[in-house]
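Read off the chains here:
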Amino acid sequence: MIDNLDKKIIELLKKDSRCPFVEIANQLGVSEGTVRSRVHKMSEEGIIRGFTIKTSSRNVKALVEISIAVNTDTQEIAKELAGYDGVTEVFEVTGDQDIIAIVDVESSQHLNDIIERVRRYDNILSTRTRLILKEHYGEV
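Residues numbered from 1 in each chain as written. Predicted model: local features only at pLDDT ≥ 70, side-chain atom pairs only at ≥ 80, totals over all residues. Heavy atoms only, no water.

(A) Examining the overall build of the protein more closely. Helix and strand counts for the protein stand at five helices and four strands. For the protein, the sequential pattern of α-helices and β-strands runs α-α-α-β-α-β-β-α-β. Taking 140 residues into account, the globule formula puts the C-alpha radius of gyration at 14 Å, and the protein, at 19 Å, lies well above it. Along the longest, intermediate and shortest principal axes, the C-alpha atoms of the protein span 55 × 35 × 25 Å. Here the protein, with 140 residues, has 31% of them falling under the buried criterion. Taking the contacts inside the protein whose residues are at least 6 apart along the sequence as the reference set, 60% of them involve residues at least 24 apart. Carbon and sulfur atoms make up 47% of the accessible area of the protein, which totals about 9,900 Å². Across the protein, the 19 positively charged side chains and the 24 negatively charged ones have centroids separated by 5 Å. (Helix = DSSP H or I, 4+ residues; strand = E, 2+ residues; numbered from the N terminus. Rg over C-alpha atoms; globule rule 2.2 N^0.38 Å. Buried < 20%, exposed > 50% of the residue type's maximum accessible area, 1.4 Å probe, protein only. Contact = heavy atoms within 4.5 Å. Areas by Shrake-Rupley, 256 points an atom, 1.4 Å probe, with all protein chains shown as cover. Lys, Arg positive; Asp, Glu negative; His and termini not counted. Charge placed at Lys NZ, Arg CZ, Asp CG, Glu CD.)

Here is the structure:
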């Protein structure tokens, strides 16, 4: 279970995963050791699953929404999609679509290759692709 301090640490790391623990500690009014041990504990417990970077590029980025037939193992398809080169995130969702994949590739041809590959699954009913025009990261 995480408390308010853990939540604040996570929020700061979401904004900058390379932020030094000393800086986080200063912002939160705790010791660097406290931040270090909390991050280590949250990593061990799987609350923090990784540290990453966000890049700005001229890549083609898109949301690929996928609708799947009833009685299909959505989790299995999602896991396979997550392994595709260029697929950065995969979500199982509610609503008209069942899976949303976030794709970040060098060309529209690569994006189309991924979409065509997805459509080859027997239980895929449809796909819908939304190109990302501009990114905002919640920064002030």
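(B) Highlighting the pattern of salt bridges. Applying the stated criterion across every chain yields a total of eight salt bridges. Of the charged contacts, one joins R38 and D6 as a salt bridge, the two residues approaching to 3.1 Å between their closest N and O atoms. Here D6 lies in helix α1 (residues 4-15) and R38 lies in helix α3 (residues 32-44), a separation of 32 residues in the sequence. The shortest N-O distance in the salt bridge between E116 and R119 comes to 3.2 Å. Of this pair, E116 and R119 both sit in helix α5 (residues 108-119), three residues apart, which is roughly one turn of that helix. Each of D3, D6 and R38 takes part in salt bridges that share partners, so that together they form one network. (Salt bridge = Lys/Arg side-chain N within 4 Å of Asp/Glu carboxyl O.)

(C) Structural detail: the packing of helix α2 (residues 21-28) against α3. With their axes 8 Å apart at the nearest point, α2 and α3 run at an angle of 110° to one another. Considering the angle they form, α2 stands roughly perpendicular to α3. For α2 against α3, the interelement crossing comes out right-handed. For the pair α2 and α3, contact is made by F21, V22, I24 and A25 and by E32, V35, R36 and V39, respectively. Residues that form the contact of α2 with α3 fall into these classes: six nonpolar, no polar and two charged. (Axes fitted to C-alpha atoms, helices over the stretch in contact; angles between N-to-C directions. Parallel < 35°, antiparallel > 145°, perpendicular 65-115°, else oblique. Left-handed = near helix turned anticlockwise from the far one by under 90°. Nonpolar A, V, L, I, M, F, W, Y, C, P; charged D, E, K, R; others polar.)

(D) Fine view of the sheet that holds strand β2 (residues 87-92). One open sheet accounts for four strands, arranged β2-β3-β1-β4; its pairing is antiparallel. Each having just a single partner strand, β2 and β4 (124-131) make up the two edges of the open sheet. Averaged over neighbouring strand pairs, the angle between their axes works out to 20° when direction is ignored. As judged from the five bridges shared by β2 and strand β3 (residues 99-105), these two strands associate in the antiparallel manner. When the bridges of β3 are listed, V87 appears paired with V103. Contacts from helix α4 (residues 74-82) reach β1 (60-68), β2, β3 and β4 within the one sheet, and its direction differs from that of β2 by about 170°. Contacts between α5 and the sheet are confined to β1, β2, β3 and β4, with β4 contributing the most and set at about 160° to the helix. (Pairing = 2+ DSSP bridges.)

(E) Here's a closer look at the packing of α1 against α3. At a closest axis distance of 11 Å, the pairing of α1 and α3 adopts a crossing angle of 85°. With respect to each other, α1 and α3 are oriented roughly perpendicular. Contact residues: L5, D6, I9, I10 and L13 in α1; T34, V35, R38, V39 and M42 in α3. Tallied by class, the residues present in the contact of α1 with α3 amount to seven nonpolar, one polar and two charged.

Coordinates in, geometry out; function isn't part of it.
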